[in-house]
Amino acid sequence: MRKVGVIGAGQMGNGIAHVIALGGHDVILADISKERAIEALGIIRHNMERQVNRGLTTQSAMDEAIGRITATDKLSDMSDVDLAIEAATEKENVKVGIFKELCESLKPEALLATNTSSISITRLAASTDRPEKFIGMHFMNPVPVMKLVEVIRGIATSEETYKIACQFISDLGKDVAIAEDFPAFIVNRILLPMINEAIYTLYEGVGSVEAIDKAMRLGANHPMGPLQLADFIGLDTCLSIMQVLYEGLADTKYRPCPLLVKYVEAGWIGRKAGRGFYDYSGDEPIPTR
Ligand SMILES: CC(=O)CC(=O)SCCNC(=O)CCNC(=O)[C@H](O)C(C)(C)COP(=O)(O)OP(=O)(O)OC[C@H]1O[C@@H](n2cnc3c(N)ncnc32)[C@H](O)[C@@H]1OP(=O)(O)O
Ligand SMILES: NC(=O)C1=CN([C@@H]2O[C@H](COP(=O)(O)OP(=O)(O)OC[C@H]3O[C@@H](n4cnc5c(N)ncnc54)[C@H](OP(=O)(O)O)[C@@H]3O)[C@@H](O)[C@H]2O)C=CC1
């Protein structure tokens, strides 16, 4: 894996590019907006500085890693990558559109991975020209900190693709958990219904934002409260995952909370928008309910 492409320069794309560049690979980081891709380089630099300050990496390793990342808005720049990882918005039509365009540029032997949180790997693979070289590589947020990557094979994924993907992840210093190709896989099958239930708890007035988060932080030792975590993930992504669970498993227990739907409709999609269950416009996040 000399060169790796990452498509989508949002919070996951920049984290994935960060760990892959620190792992010694060249990275092409693409976004639909060139400004966004360039902005991501600044975020990566900031996050690597945190790691240098904590002694987790060195200044020279950081400088080399930054030098290995190229930002672009053209998928045609992916023509010589050995692996492309898609980390764009959690919408099936967006991802399928990217794969259609990307496959025109990728060399035939290149592997293709998706960081989707919930969507069928088999179905996404079928929209490409290389289902046997396609795999789910689900990194966790924040990528530089979290140890786990879920690996999901589609029905057509070859054994060779699977082995190369697992080796690549392990070389990055991450641990693999194997999940079958069911809606939202393992982590989000368990985590998102908990977050959705926390939003119902708020919706039904059982507790305030502050009380719900405090209850789960101090009462269940979660590092973040569920509403704080929902804001951190992005409420748009949370809603998309709940919709995939609801439709994919055809069970009303996965019904997205109407309050989650309303927040997304309002554009209050969490930290990345400056407002979600908390308002991030000041120095400290302020609960909105
Ligand atoms: C939705 C999906 O599809 C799947 C998912 O990813 S679900 C989300 C999974 N993630 C979680 O559940 C995260 C839960 N939260 C946490 O674990 C912690 O709150 C957290 C690691 C994010 C932050 O920890 P914290 O103690 O509150 O904050 P902070 O002290 O700033 O950071 C802790 C460490 O992480 C580092 N860090 C945090 N964000 C970072 C980033 N983006 N890049 C690099 N380092 C980062 C900090 O530098 C710090 O390092 P040290 O411990 O060496 O000082
Ligand atoms: N957030 C999380 O905690 C986690 C998310 N994931 C998954 O990772 C993926 C990305 O999520 P996340 O980074 O949080 O989302 P973000 O909203 O932070 O970033 C998505 C990025 O993709 C860009 N994008 C949209 N369409 C295209 C396109 N056609 N070509 C290139 N780039 C495009 C967006 O640009 P623009 O803003 O201009 O639309 C945006 O910069 C999703 O599949 C999500 O489910 C996986 C694990 C954890």
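Residues numbered from 1 in each chain as written. Chains lettered and ligands numbered in written order. Predicted model: local features only at pLDDT ≥ 70, side-chain atom pairs only at ≥ 80, totals over all residues. Heavy atoms only, no water.

Looking only at helices and strands, the chain has 11 helices and 10 strands in total. Here the C-alpha radius of gyration of the chain, 19 Å, is about what a compact globule of 289 residues would show, namely 19 Å. Projecting the C-alpha coordinates of the chain onto the three principal axes gives extents of approximately 55 × 45 × 30 Å. Taking the intrachain contacts of the chain between residues at least 6 apart in sequence as the baseline, contacts between residues at least 24 apart amount to 66%. Total accessible area computed for the chain in this model is approximately 13500 Å², and 52% of it derives from carbon and sulfur atoms. For the chain, the distance from the average position of its 30 positive side-chain charges to the average position of its 38 negative side-chain charges is 2 Å. (Helix = DSSP H or I, 4+ residues; strand = E, 2+ residues; numbered from the N terminus. Rg over C-alpha atoms; globule rule 2.2 N^0.38 Å. Contact = heavy atoms within 4.5 Å. Areas by Shrake-Rupley, 256 points an atom, 1.4 Å probe, with all protein chains shown as cover. Lys, Arg positive; Asp, Glu negative; His and termini not counted. Charge placed at Lys NZ, Arg CZ, Asp CG, Glu CD.)

Turning our eyes to something else, we now look at the site of ligand 2. By nearness alone, 24 residues border ligand 2, and D31, E90, K95, S117 and I233 come closest of all. Measuring from an oxygen atom of ligand 2, one finds a side-chain N or O atom of D31 at 2.7 Å. Across the complex, the protein chains shield 84% of the 890 Å² of accessible surface that ligand 2 would expose by itself. Elements represented by at least two residues in the shell around ligand 2 include exactly α1 (11–22), α4 (92–105) and β6 (134–139). Tallying contributions element by element places α4 first for the shell around ligand 2, with 3 residues. Considered class by class, the residues forming the shell around ligand 2 number 9 nonpolar, 10 polar and 5 charged. (Near = heavy atom within 4 Å. Polar contact = N/O pair within 3.5 Å; in protein donor to acceptor, adjacent residues only side chain to side chain. Nonpolar A, V, L, I, M, F, W, Y, C, P; charged D, E, K, R; others polar.)

The next subject is unusual backbone geometry. Most peptide bonds adopt trans geometry, and most residues besides glycine take a negative phi value. At the junction of N141 and P142, the peptide bond is cis and its omega measures out at 0 degrees in the coordinates. Along the polypeptide, P142 turns up in the loop between β6 and β7 (148–153). Even without being glycine, A250 reaches a positive phi, approximately 50 degrees. Relative to the assigned elements, A250 resides in the loop between α10 (235–249) and α11 (258–265).

Mapped onto the present numbering, the UniProt feature "domain: 3-hydroxyacyl-CoA dehydrogenase C-terminal" (unreviewed entry) falls on residues 185–280. As annotated, residues 185–280 comprises 62% helix and 2% strand, and the C-alpha atoms at either end are separated by 31 Å. (UniProt positions renumbered as here; feature names shortened; annotations may be inferred.)

Bringing the site of ligand 1 into the picture now. As a matter of local geometry, ligand 1 sits amid 18 residues, with R54, S117, H138, N141 and N188 nearest to it. Contact distances for ligand 1 include 2.8 Å between an oxygen atom and a side-chain N or O atom of N188. Against a free-state accessible area of 1000 Å², the protein chains account for coverage of 68% of ligand 1. For the shell around ligand 1, the secondary-structure elements that each account for two or more residues are α2 (34–53), α7 (187–203) and α9 (226–233). For the shell around ligand 1, the class distribution of residues is 11 nonpolar, 5 polar and 2 charged.

In this fold, G55 is placed in the loop between α2 and α3 (59–67). Since its relative accessible area comes to 63%, G55 is described here as exposed. Measuring from C-alpha to C-alpha, the distance between G55 and I186 comes to 33 Å, with 131 residues separating the pair along the chain. (Buried < 20%, exposed > 50% of the residue type's maximum accessible area, 1.4 Å probe, protein only.)

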